[in-house]
Amino acid sequence: MRRLRSQDGAVVAIVVMILAIGLLVGGAAVAETLSTRSHANRDLRSQRALHAANAGIQAVLYQQNELDLRSLELNGGPLGLSTLLDCVVPKLDVSLKVTGLVSTTVNSAGICPATDGTGGGGSGYVGQPTGDHGYYQAVFVPGATAPGGASSGRVILNPAVVSLAWDDNGNAADTSHYVMRKVEAVLAPIDPLQALEAAHDLKINGLLGLTSVLNGNARANNDVTVPPLLFANTNLSNGLIGSVTYGNNYSGLLSLSHLYHTSNSVNRSVVSISPSKADCSVASNCSALGATYSSTTHKFSLTNSATVNFGPGDYVFCDFNATSGTLNFNATAAAPVRIFIDSPTSTRCSGNSGSQGNFVAKKGVQNALAGLANATGATGLQIYVVGNGTYNGTTVEIDGTNPGVIQSAIVYAPKSQVSETAGCLLFLCIGLEGSVIGYDTTINATLFTQDLELSNYPLYAGLGAFHVQKYVECAASYPLSPTNPTSGC
Amino acid sequence: MIEVTVAMLLVTLMVAGLGGLFITGNHSSLASQRQINLLEVAQAQIEQVRQTVKQYGFSTLALNAYPADPTHSPLPSSPSDPNDFLVNNGTSSASYLIEQNYNSTSHGQISIAPANGEPLEVDTTNGRIAPKTTSVAAGSDTATVWTYVTKATVGCVSTLGACAADDARRVIVAARLTTIGNGRQDLGPNKPVYLTTIISNPIPSNQPNNAIGLRLGLNIG
């Protein structure tokens, strides 16, 4: 009895212990429940912010694509890319409604100025509401670089759009509790086509190997060989420099006023052609080619004196071989003729035998738009050659024989050996127009004039000039920095 | 004896309290799980809309029919039917209110929205977005998804002349549980979950001469 009485207090102690354990367990359960609720709500707010950030990217992308790209001279024409550095910034009224846009230039940090409501130049961006507590601040970053230096006239854009968005949960003043997401949309770089480009060697053979005129810019990653008397920029407006950029050796007696030594100045990716792309975008164009075209092998072959007319539209061939005859490319002001030479290893061509993957026109090409002022007609004929994966593994050869016909075209074959020859009769030679991009590029002409209106025709109409290549999620902090918006990306 | 009785009473109370707590916590967790499931449903719908635009083009980003009429009028403070935000539905002036908080209409619309909301994009010929999808799996439950496409305002380059009215479109997705598979039927969320974004035309329709330039390295379709 005494022993039992001596243990009376143990009940209280045990109960207290159980209560303490119970409280701990209960507390943990409450904490877990609250945490789950909190995470669920945060997830929702975070998703709202992410979609608001995407809305910001779409809005800015749209505004940039509204720029008059033709006047931006994507080919590096008279104004180069200087006008591309413009930013389109919204003007807002007191209710944050967009009342218009103003064009401004990038600030000292190379960033489009902040939208403070008046159209730019403010110290901070104004948040744009997307609904349900979502807001965004977004900015276009041109990312302009001048690989050859400011005086080279060569500017490349590596543009991006950065968008910071948040869910304020209905309390705009409490910025510390914003749930934020920040996204950078990396856009496709813009590097205008020059008059002559070679991923390896570039050679210009002038009249008797002594003289030639280059109206435009030329560049090569390796050696550049030009006639001793090479005159540049004799026939263009002052804005287009008429420069030569080489990566290894430069061979030419005349010291050009704009000669640059820069490595890797040419970096062109090949065009890829969808296997489902029709041989002719306009079906009747293929039938108009008659016996020169085989729908089985997807090859074009002209070996007699016939005249073949190409109507406006796209053509895809496994091989193009014209050793004789006349080739008329009847581009119009509204639509070009675009010839695509697919890879020999492509689905379209891999079943063929014999040589393929080349574009050969030994009697030249007759572009209906050739000879227009400033060579604007050259875009009327665009020739794209994919190549076989080996440098110089495929060939582009355009030989002019008629001195009365200007060879005018855009040739884009960055992995092919490209040669283009102007028509000559004795010493009377006529010039070449357009742009030629090859691996080893050889020009036989006394005059080459760059196309100044390269932006006239779309290669692919499904995307704007500014389009997203990839998205990067960034560490978010409020507000978006006007001087370093890509921080944390 | 008394202290034993008191102790048992305390323990009983604690066990009862803990039991209640666990049940409440369990319900709360279940509601959270359902909210997450709804969020995933809404998220999937937005991705599906993006995919539609990518595959069929921007012009197909429109409702293929008018939504059903609102079920409540006037607009409740926290509508359970997303169609309640429709104005002049079924007419050429149909619009949708862009709320600052869809679950508390007293906050009103966002500042940049017109008074009657943004015009609804309905194109019965080319539109590929269904205004309502039912029986969408949301975990072990099913949900109904409402989708609205409106003409959003993101500004345009006025120097180009008239600005295109519908080159930027707002997509609003609402998802609400309709059938509960497991667990308490009366647990939330009872209100729809909303997600909003904007999709713009990759080629502005007022771009001069469609001068979009040469772009290389693309798959040519």
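What you are looking at is a predicted structure, and each value in this text was computed from that prediction instead of being measured.

The rules we used
- Residues numbered from 1 in each chain as written.
- Chains lettered and ligands numbered in written order.
- Predicted model: local features only at pLDDT ≥ 70, side-chain atom pairs only at ≥ 80, totals over all residues.
- Helix = DSSP H or I, 4+ residues; strand = E, 2+ residues; numbered from the N terminus.
- Buried ≥ 20, exposed ≤ 12 C-beta atoms within 10 Å, placed from the backbone.
- Contact = placed C-beta atoms within 7 Å.
- Core = buried A, V, L, I, M, F, W, Y, C linked by C-beta atoms within 7 Å.
- Pairing = 2+ DSSP bridges.
- Axes fitted to C-alpha atoms, helices over the stretch in contact; angles between N-to-C directions.
- pLDDT = per-residue confidence, 0-100.

A closer look at the overall build of chain A
Logical step 1: Regarding its fold elements, chain A presents three helices and 37 strands.
Logical step 2: Classification of the 489 residues of chain A by burial places 51% in the buried group.
Logical step 3: Within chain A, residue pairs in contact and separated by at least 24 positions form 61% of the contacts whose partners lie at least 6 positions apart.

Details of the overall build of chain B
Logical step 1: Looking only at helices and strands, chain B has one helix and eight strands in total.
Logical step 2: Mapped from its N terminus to its C terminus, chain B presents α and β elements in the order α-β-β-β-β-β-β-β-β.
Logical step 3: Within the span of chain B, comprising 221 residues, buried residues form 38% of the whole.

Here we look at the nonpolar core
Logical step 1: Within the largest apolar cluster, 88 residues are counted, with the highest numbers of intra-cluster contacts made by Val139(A), Val161(A) and Val173(B).
Logical step 2: Per element, the largest residue contribution to this core is twelve residues, and it comes from helix α2 (residues 8-65) of chain A.
Logical step 3: Apart from residues no more than four positions distant in its own chain, Val161(A) is found in contact with Ile57(A), Val60(A), Leu61(A), Ala138(A), Phe140(A), Ala185(A) and Leu187(A).
Logical step 4: Counting residues in hydrophobic clusters, the runner-up holds 71 residues, among them Ala195(A), Ile341(A), Val365(A) and Ile437(A).

Some remarks on the pairing of strand β11 (residues 211-215) of chain A
All names here are of chain A.
Logical step 1: For β11, the tally of buried residues reaches four of five residues, placing the bulk of the element in the interior.
Logical step 2: As defined by bridge partners, β11 adjoins strand β14 (residues 229-232) across four bridges and the pair is classed as parallel. When the sheet's bridge partners are listed, Val213 is paired in β14 with Phe231.
Logical step 3: Both β11 and strand β36 (residues 447-450) contribute to a ladder of three bridges, which runs parallel. Directly across from Leu214, in β36, lies its bridge partner Phe448.

Structural notes on the sheet that holds strand β3 (residues 118-119) of chain B
Residues and elements named next belong to chain B.
Logical step 1: The antiparallel open sheet is built from three strands, whose spatial order is β1-β2-β3. Only two strands of the sheet have a single partner each, and these edge strands are β1 (86-87) and β3.
Logical step 2: One ladder, built from two bridges, connects β1 with strand β2 (residues 95-96); its direction is antiparallel. From the neighbouring strand, Val87 faces β2, where its bridge partner is Ser95.

Regarding the environment of Glu118(B)
Residues and elements named next belong to chain B.
Logical step 1: Mapping Glu118 onto the fold places it in strand β3.
Logical step 2: Since 26 C-beta atoms lie within 10 Å of it, Glu118 is described here as buried.
Logical step 3: It is 28 Å that separates the C-alpha atoms of Glu118 and Thr178, two residues lying 60 residues apart in sequence.
Logical step 4: Not counting the four nearest positions on each side in its chain, Glu118 is found in contact with Ser95, Tyr96, Ile98, Ala113, Thr150, Lys151, Ala152 and Arg170.

Describing the sheet that holds strand β5 (residues 141-151) of chain B
Residue and element names in this part refer to chain B.
Logical step 1: With respect to topology, four strands assemble into an open sheet ordered β4-β5-β6-β7, the strand pairing being antiparallel. Bordering the open sheet on either side are β4 (132-138) and β7 (193-200), each of which pairs with just one other strand. Ignoring which end each strand starts from, the neighbouring axes of this sheet average 30° apart.

Concerning the confidence of the model for chain A
Logical step 1: For chain A, per-residue confidence averages 82 on the pLDDT scale, and 82% of positions sit at 70 or higher.
Logical step 2: Scored below 50 in pLDDT, residues 455-459 of chain A shows 18 contacts in the model against residues more than four places distant or in partner chains.

Some points on the environment of Ile111(A)
All names here are of chain A.
Logical step 1: Topologically, Ile111 is positioned in the loop between β2 (98-105) and β3 (128-131).
Logical step 2: For the pair Ile111 and Phe140, spaced 29 residues apart in sequence, the C-alpha to C-alpha distance is 7.1 Å.
Logical step 3: Leave out the neighbours within four places in its chain, and Ile111 touches Val106, Val139, Val141, Pro482, Thr483 and Pro485.

Re unusual backbone geometry
For residues other than glycine, phi is negative in most cases, and the peptide bonds are mostly trans.
Logical step 1: With omega at -5°, the peptide bond leading from Tyr478(A) into Pro479(A) counts as cis.
Logical step 2: You can see Pro479(A) is positioned in the segment after β37 (468-474).
Logical step 3: Residue Pro74(B) is bonded to the preceding Ser73(B) through a cis peptide linkage, with omega at 0°.
Logical step 4: The backbone phi angle of Asn264(A) is positive, close to 50°, even though this residue is not glycine.
Logical step 5: Along the polypeptide, Asn264(A) turns up in the loop between β17 (259-261) and β18 (272-273).
Logical step 6: Even without being a glycine, His298(A) presents a positive backbone phi close to 60°.
Logical step 7: With respect to the helices and strands, the residue His298(A) is situated in the loop between β19 (293-294) and β20 (299-302).
Logical step 8: For His298(A), a count of 22 C-beta atoms within 10 Å corresponds to the buried category.

Let's talk about the pairing of β7(B)
All names here are of chain B.
Logical step 1: For β7, the buried fraction is high: eight of the eight residues fall into the buried class.
Logical step 2: When strand β6 (residues 168-179) meets β7, the two strands line up antiparallel, connected through eight bridges. Its bridge partner lying in β7, Arg169 is registered against Ile199.

Concerning the confidence of the model for chain B
Logical step 1: Per-residue confidence for chain B gives a mean pLDDT of 84, with 86% of residues at or over 70.
Logical step 2: Reported confidence for the predicted complex is 0.87 by ipTM and 0.76 by pTM.

A closer look at the environment of Ala322(A)
Logical step 1: On the secondary structure map, Ala322(A) appears in strand β23 (residues 319-322).
Logical step 2: Apart from residues no more than four positions distant in its own chain, Ala322(A) is found in contact with Leu302(A), Leu327(A), Val360(A), Ala361(A), Lys362(A) and Lys363(A).

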